[in-house]
Amino acid sequence: MIMEPSAPTEETRIGVYICHCGANIAAKVDVETTRDFAATLPGVIVARDYKFACSDPGQEMIQQDIGELNLNRVVVASCSPLLHEKTFRNACAAAGLSPFCFQMANIREHVSWVTADPELALEKAKSLVAAAVRRVARARALTPKQVPVHPDVLVVGGGIAGIHAALILANAGKKVYLVERRPTIGGHMAQFDKTFPTMDCAACILTPKMSDVKSHPNITMWTYSEVEEVAGFTGNFKVKVRRKARYIKEDLCVGCNDCVEACVLKKEKTQVPDEFNVGLSKRKAIYMPFPQATPACVVIDPKQCLQLMKGKCAQACVEACERAAIDFDQEDEILDVDVGAIIIATGYQPFNARKIPEYGYGRFDNVYTTLEIERLVNASGPTGGEIILRDGSVPKSVGIIHCVGSRDRRFNPWCSNVCCMGALKAAHLVKERTGAEVFNFYVDMRTAFKGYEEFYDQVLAEGVQFIRGRVAEVTDWAMTPAEQGKLVIRVEDTLIGVARRIPVDMVVLAVGLEPQPDSGSVTRTFNISCSPEGFFLERHPKLGPVSTFTDGVFLAGACQGPKDIPETVAQAGAAAAEALCLVDRGFVDIEPNTAWIEEEFCSGCKTCIPLCPFHAIERDEEKGVAVINEALCKGCGTCVAACPSGAARQNLFTDEQIYEEIEGVLSYA
Amino acid sequence: MRYLYYPGCSLKGTGRAYEESLLSVFEELRFPVEELGDWNCCGATAYMSVDEMKAFALAARNLALAEQAVQREPVSLIAPCNACYLVLAKVQRSMAQYPHIGRAIADALVEAGLSYHGDVHVRHPLDVMINDIGLDIIAKHISRPLTGLKVACYYGCQVVRPFATFDDQYIPTSMDQLMECVGATPVDWPLKTRCCGSSLTGTIQEAGLRLSYIILKEARDRGADAVATCCPLCQFNLECYQRRMRRAFDDDIDIPVAYFPQFMGKAMGLEDHRLGLQRLFVPLTSAPALV
Amino acid sequence: MSDKPKAGFYWCASCGGCEESVVDLAEDILDVVAAIDFVFFPVAMDFKREDVEAMEDGEMTVCFINGALRTSEHREMARLLRRKSRFLIAYGSCSYQGGIPGLANLYPREEILRFVYHDSPSTENPEKNRPQPHFRAPEGDLELPSFDADVKALDQVVDVDYYIPGCAPPPSLLKAAVEALLSGELPPKGSVIAPDRAMCHTCPRIGTKPEKPMIKEFKRPWQIEIDPDKCLLAQGLVCLGAATRDGCGHLCINANMPCTGCMGPVSRVHDHGAAILTSLASLIDSNDPQEIEDALDDIPDPAGTFYRYGLPHSLLYAKCGITAGNGDA
Amino acid sequence: MPDDVSLPVVEEFQPRIVAFFCNWCTYTASDLAGTSRMTYAPNTRVIRVMCSGRIDPQFILTALRRGADGVLLGGCRPGDCHYREGNYKCLRRFTLLKKYLAQMGIEEQRVRLEWIAASEADRVQKVTNQMVDQIKNLGPLHLEHIPHAEALHDAPVAVAAGGAP
């Protein structure tokens, strides 16, 4: 039969609080009417409206009512429970009411912010309040399950974000596992020569932190490794890490590079583009990523090493290595670690300029990206720090194009945040090193944050020219003799309103930032969400910028959105702090929304058993009934929805509660 | 797959040589194409700028006819003129993408006792040559390869913009592949899809002339003996105004501009008149390799 | 007239199986007859409606009504018997939940009549005659019950005290009910007189049900050689034992046939069919939309399979629009 | 007939749609729609469940019986379920339920299952608006009335069987 609206039992005493949220709700929803309506609902003892229910006075008001009117149920109609449920639950608890006798009605995100017509908004708000009141009447006091938290922390990604977060945690006395996919930590920052706006050398400020990581007793650094699998839940994650075979005994290698010298692949054509120098130089099969690589340990590229590919090679490297560190038989190993919290700092990838053929990257020799310029400028780079063209000559004129792949509907709609400053840095360095005439082609200059605008002024003062307009194409089609043999930048100068052709020797593309190509699979591994473009989604854009929707997993750096170094480091600190307060507390309250079986109703039909993704259900052969292991249950409720006997039940989401909610939203008036 | 051929007005007029050579080449390749019966003007880009909906309806009639002609079995409608190709493709897309346009045009067609279900595949001959016939087949028919001939392949703007359906939008290569296949050497140059001036040549001539000149000059400077085109208007602009260019820019520009099937036909050893070569103002034979 | 408690046993849209089930009491029937007087039992004894009308209200201690309700007569009799008896018991699936006749709620009345009186292959009716509620014959006026637009369960017409499920109800339950009535130890009003657990719990084959009873494809009994000892669901048969009330004595299972759900749902379930549906569908062994569709192709008639005995008692009650244009409630 | 007859003002039919959204993806997405101030039709009433796998078909039928004109189910995209496979279980049940609803003469646009990831606020907006439009076109859902014992006591006797003209 249909479930008849069950009248709340005698002792149900409900208080309802309608929040204005300043004007956020009140400007759209008639809160007074909603309040008066709430007052008429069965079981409601008091209904009030208040400017900011979540504020201290707001909470005190609720607590006072609980005491004076001895309420045993509370409903707050305000924002999303995902935002403030905890706040109000705590308020109830503080007043001696079970936090689970509280119900929230989301009349902001789901009503005032998304509804045009105030009339209809009011109707919607009323129905949601009615539903919450009916639902809360069925609420029962529950004791939250407390589980101990594992004190260690996993940091994924060894760029500046991961490094900074790991060091903070380690200094706080926590054991940290730092996992980096590449053979060395350092990330993109290690590839930079200078850092804006102060122009201090990246290596000088980064490498000390890198060696701190290496030497820190609390940090276990696993480079050339990847997280394979994550199970468990906040406070108790079980992580599988794959340590890829680098064919080097890490503990023996001292990074003397003798083996690299020795490697038989001496001819350039047998070598492959050097990842660290973004292909501007070649490397051998055995190599040290870069001089300050951490760990200072070489690695063998199995896709290039003759021994590993063909099984035959003179093995000059083995000869050369005095410490017998080379081990061709090494295999990947899988390591299991338990951690309480996880910080994801997997960074970004630069936009692939080849996607914009009209800019000629990959077609014209002298079109570079900003990252390549960093390597050219770098003293240990492929040109020993000289900015020279492919033919070795020094450019007399250089054009730097902003917003390459950014703020462009064809590619990435977002502003990559760092490129304006990156392009200014490039302009400054080129000017400084070559004295060339430098043109910056920008759409808008974005130089917010400390010291940035001043740096812009400085670069202007240095005589760099700025042309406002999105470049149409980079071509080698000469219209005048002056253009012969040059790269011609065609652009509309939007400030003087004419189309211009500007011949230069070198073009630098300020490429934007993109999510890592495999961010999709990362979200699955760690059970977090990402935006359609692939940046990881924070729990709340303002109030939860480093948390994710999965408790215990935090975000740091550009994996969450384009960031420059200062911002990245700040966020890494925040993530470390969040992780710290989780593992330091020592335990977590698990939402008691677990499922359980009413034995006398269970027929032991086994329907639920295969449905549980966490293998929490077994059959008690004695009694012939199913039994749910509360510790394993994560509270998805799939078994409850499948039980043909109504014997499986879920705390906080009982059938009754949901039926009341259905009843409430439909027949409230 | 059936192949219908939509000439459009140009190929029956100024672009006759394009039709003659293209059909001869198809014939030589034993590739059957039938001319669409009772076709009408595509409206070109001019009409579209006056009254888009009417222009769409006008062009859509041809699509409906094509569908009808083959009783809705899969069909490719080959439109050699870039303008026709673009217009037909655009109508095709607009009808599919915007329901209101689809409905309006459907209604218009009903008035003409026609209906269109979107089954026609609008194709450019370059696309068909490369993807349906295939270079290996074409290569088999080459009896007199154009060895030593340097060709600048000029695609024009409309065949890859705004829809790059079968080739790269900025650096198309299909015609270059064909020229390579027939033994010629395509020159690498950046103006493959730069505007030829289009109808400007007829309206603001100095502007149109300049644009055409830029193209020819660059082609020559890159060492091309001839320019290959796939659009009757481009061909017309580039070839017929060379004398005026010489005067206007005081430059002895003088370079044959022919349709790509004319080059192919030559390499296949077809007689000149079958390729409409006699219609060229700047004879192909002025290119050394073809003497 | 003895002072034994009086009882009535009436049928509405019924197949007579329920009456049979009384006979199935076998020798126990003697105890029953010894304990109570049947004062109304059209199938077995020659009492008339007037006899009932003549009774005092509440004169009968109990009246068992079986069969679904579809005609004006059914409704009138139901109301009459309700008035005359202290306890009214819905006896058998049809009167409890609408039963097999309840599946007629998938069709508009007009369609049913047209088929029965005109279109059915076995019908010869050139004049397209149909029974009329009022008919003036030379001998005088004739009255026939009218045919409602939909089929109802007993408790959708009159207030019901207890339910005895089953098609037909197992004699054991009837016996239990009678004993309860005689002893006066009555369960709360509205109870279903049968165990409140699903049949799997006592099923002789439960031991052979796999720990993870996932289903790749569904089978119809005629499609396979049914293993007499193995869990029928595990053999791919649509066995509803997991979602159906116990108490039937596993008659079908013992006859090597899957449970079809005649005993109805357990008390916590609001919609029997939905409970069956969710439990079966959840066990489909695939995450691929197409594969799931395919597996379900083997259940061509969900309504008929999951609501075989209780469509009128389900949340949807009837196919949308079947009563459109009928004055009927 | 007088000229000044004013037609009665007919209020536009506002469908009532009960939405069951999973906590991790679709509910979050509709919160995001809020924070992004995306206006959409006010007809849905969201009921939060931890996972789309919690949605019991009985909830859907009950909603329809209690007056909903449509029911919208929202879960994580395939492969992204916070509980690994809950959304697939929802899909299995929904697929079978659809067949039953079709038999019962309930238009398929009335009960929908949508995968909406946490970031896809625009899909919440799109799907809701689209569904509301479709249901406005269909009109209110009229389930057959379930007779109640009391209500029926002196109900008028039905139109005779042969009574149809």
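Cut-offs used in this document
Residues numbered from 1 in each chain as written. Chains lettered and ligands numbered in written order. Predicted model: local features only at pLDDT ≥ 70, side-chain atom pairs only at ≥ 80, totals over all residues. Heavy atoms only, no water. Helix = DSSP H or I, 4+ residues; strand = E, 2+ residues; numbered from the N terminus. Buried < 20%, exposed > 50% of the residue type's maximum accessible area, 1.4 Å probe, protein only. Contact = heavy atoms within 4.5 Å. Areas by Shrake-Rupley, 256 points an atom, 1.4 Å probe, with all protein chains shown as cover. Lys, Arg positive; Asp, Glu negative; His and termini not counted. Charge placed at Lys NZ, Arg CZ, Asp CG, Glu CD. Axes fitted to C-alpha atoms, helices over the stretch in contact; angles between N-to-C directions. Parallel < 35°, antiparallel > 145°, perpendicular 65-115°, else oblique. Left-handed = near helix turned anticlockwise from the far one by under 90°. Pairing = 2+ DSSP bridges. Polar contact = N/O pair within 3.5 Å; in protein donor to acceptor, adjacent residues only side chain to side chain. Buried area = accessible area lost by both parts, 1.4 Å probe. Salt bridge = Lys/Arg side-chain N within 4 Å of Asp/Glu carboxyl O. Nonpolar A, V, L, I, M, F, W, Y, C, P; charged D, E, K, R; others polar. pLDDT = per-residue confidence, 0-100. Patch = residues over 30% accessible without salt bridge, like charges linked within 9 Å, V, L, I, M, F, W, Y side chains within 5 Å. Phe/Tyr/Trp six-rings, centres within 6.5 Å; stacked < 30°, edge-to-face > 60°. Lys NZ or Arg CZ within 6 Å of the ring centre and 35° of its normal. Disulfide = S-S within 2.5 Å.

K.L.:
Whenever I open this one, the overall build of chain A confuses me. Can you help?
P.N.:
Scanning chain A for helices and strands turns up 17 helices and 34 strands. Structurally, chain A occupies a C-alpha span of about 90 × 65 × 40 Å along its principal axes. In chain A, which comprises 669 residues, the share counted as buried stands at 59%. In chain A, once contacts between residues fewer than 6 apart in sequence are set aside, the share between residues at least 24 apart is 69%. Accessible surface, chain A: about 26,100 Å² in total, of which carbon and sulfur atoms supply 52%. With 70 positive and 85 negative side-chain charges, chain A shows a separation of 4 Å between the mean positions of the two kinds.

K.L.:
How do you make sense of the packing of helix α2 (residues 56–68) of chain A against helix α3 (residues 81–94) of chain A when you look at a structure like this?
P.N.:
The geometry of a pair of packed helices is captured by two quantities: the angle between their axes and the separation between those axes. All names here are of chain A. Running from N to C, α2 and α3 cross one another at 40°; their axes reach a closest spacing of 9 Å. When the axes of α2 and α3 are compared, the pair comes out oblique. In this structure, α2 meets α3 at a crossing whose hand is right-handed. Mapping the contact onto sequence places Gln-59, Ile-62, Gln-63 and Ile-66 in α2 and Thr-87, Phe-88, Ala-91, Cys-92 and Ala-94 in α3.

K.L.:
Help me understand the sheet that holds strand β4 (residues 102–106) of chain A in this model?
P.N.:
Backbone-to-backbone hydrogen bonds join strands into a sheet, with any given pair of strands oriented parallel or antiparallel. Residues and elements named next belong to chain A. Taken in spatial order, the four strands of this open sheet run β2-β1-β3-β4, and their pairing is parallel. This sheet does not close on itself; its edge strands, each paired only once, are β2 (44–50) and β4. The sheet shows a mean angle of 15° between the axes of neighbouring strands, taken without regard to direction. Most of the contacts of helix α5 (residues 118–137) go to β4, to which it runs at about 165°, and overall it touches β1 (14–19), β2, β3 (73–78) and β4.

K.L.:
Quick question: what am I supposed to make of the side chain of His-118 of chain C here?
P.N.:
Residue and element names in this part refer to chain C. Following the sequence through the fold, His-118 ends up in helix α6 (residues 109–119). Among the residues examined, His-118 registers a relative accessible area of 16% and is labelled buried. Among the polar contacts listed, one links the side chain of His-118 to the side chain of Arg-130, at a separation of 3.4 Å.

K.L.:
For this particular structure, what's the right way to read the interface of chain D and chain A?
P.N.:
How big an interface is tends to be expressed through the accessible area that disappears when the partners come together. Facing the 52 residues of chain D at the interface are 54 residues of chain A. Both sides of the chain D and chain A interface together cover about 4,700 Å² of buried area, and 60% of this is carbon and sulfur. At the boundary of chain D and chain A, one finds four salt bridges. Between Arg-66 of chain D and Glu-663 of chain A there is a salt bridge, with its nearest N and O atoms 2.8 Å apart. Linking chain D with chain A are 20 residue pairs in polar contact (both at pLDDT 80 or more). Looking at the side of chain D that touches chain A, the elements with two or more residues in it are β1 (17–22), α1 (26–35), β2 (44–49), α2 (57–65) and α3 (86–103) of chain D. Tallying contributions element by element places α1 of chain D first for the side of chain D that touches chain A, with seven residues. Tallied by class, residues from the side of chain D that touches chain A come to 22 nonpolar, 16 polar and 14 charged.

K.L.:
Would you take a moment to explain the arrangement of the chains for this structure?
P.N.:
There is a clear gap between chain B and chain C: no contact, and 27 Å between their nearest C-alpha atoms. With no contact formed, the shortest span from any C-alpha in chain B to any C-alpha in chain D equals 15 Å.

K.L.:
How should the confidence of the model for chain A be read in this particular structure?
P.N.:
Detail in the predicted coordinates should be disregarded across regions flagged by low pLDDT. Summary statistics for chain A give a mean pLDDT of 94 and a share of 98% for residues scoring 70 or more. Low pLDDT (under 50) marks residues 1–8 of chain A, which in the prediction has 21 contacts with non-local residues, meaning those over four places away or in another chain.

K.L.:
Just to check I follow, could you spell out a nonpolar patch on the surface for this structure?
P.N.:
Residue and element names in this part refer to chain A. Judged by side-chain polarity, Leu-495, Ile-496 and Val-498 come together as a nonpolar surface patch covering roughly 290 Å² of accessible area. Mapping Ile-496 onto the fold places it in the loop between β25 (487–493) and β26 (498–504). What makes Ile-496 exposed here is its relative accessible area of 55%.

K.L.:
What exactly am I supposed to notice about the environment of Lys-126 of chain A here?
P.N.:
Residue and element names in this part refer to chain A. Structurally, the position occupied by Lys-126 is in helix α5. Note: C-alpha distance between Lys-126 and Tyr-452 (326 residues apart in sequence) is 50 Å. Not counting the four nearest positions on each side in its chain, Lys-126 is found in contact with Phe-37 and Tyr-668.

K.L.:
Where do I start with the packing of aromatic side chains in this structure?
P.N.:
Each aromatic ring pair is characterised by the separation of its centres together with the angle its planes make. The full count for this structure, using the stated rule, is 31 aromatic pairs over all chains. An aromatic cluster is built from Phe-9, Phe-38, Phe-41, Phe-64 and Tyr-91 of chain C, whose rings are joined through pairwise contacts. Above the plane of the ring of Phe-653 of chain A lies Arg-135 of chain A, whose end atom (NZ or CZ) is 5.1 Å from the centre. For the cation-ring pair, Arg-37 of chain D lies above Trp-113 of chain A, with the distance from its terminal atom to the ring centre recorded as 3.7 Å.

K.L.:
Got a minute to help me understand the interface of chain D and chain C in this structure?
P.N.:
Of the residues lining the interface, 41 residues belong to chain D; the matching set on chain C comes to 57 residues. Roughly 4,300 Å² of surface becomes buried between chain D and chain C when both sides are summed, with 63% attributable to carbon and sulfur atoms. Taken as a group, Arg-92, Leu-96 and Glu-144 of chain D account for 17% of the area that chain D buries against chain C, more than any other trio of residues on that side. The interface formed by chain D and chain C contains one salt bridge.

K.L.:
Could you clarify how one ought to interpret the state of the cysteines in this entry?
P.N.:
Covalently bonding the sulfur atom of one cysteine to the sulfur atom of another cysteine gives a disulfide. All names here are of chain A. All chains considered together, the criterion is met by one disulfide over all chains. A disulfide bridge connects Cys-201 with Cys-204, and the sulfur atoms are separated by 2.0 Å. Across the S-S bond of Cys-201 and Cys-204 the torsion is about 105°, and the bridge reads as right-handed. Judged by its relative accessible area of 52%, Cys-204 is exposed. Just so you know, Cys-419 is unpaired, no disulfide at all, and the nearest cysteine sulfur is the one on Cys-415, 6.3 Å from it. What makes Cys-419 buried here is its relative accessible area of 9%.

K.L.:
Just checking my understanding: could you explain unusual backbone geometry for this structure?
P.N.:
Cis rather than trans, the peptide bond between Thr-294 of chain A and Pro-295 of chain A has omega equal to 0°. Note on placement: Pro-295 of chain A falls in the loop between β15 (286–287) and β16 (299–300). A cis geometry characterises the amide bond from Arg-161 of chain B onward to Pro-162 of chain B, with omega recorded as 0°. By the element assignment, Pro-162 of chain B lies in the loop between β5 (150–154) and α8 (174–181). Positive phi is not limited to glycine here, since Ala-26 of chain C has a value of about 55°. Mapping Ala-26 of chain C onto the fold places it in the loop between α1 (17–23) and α2 (28–35).

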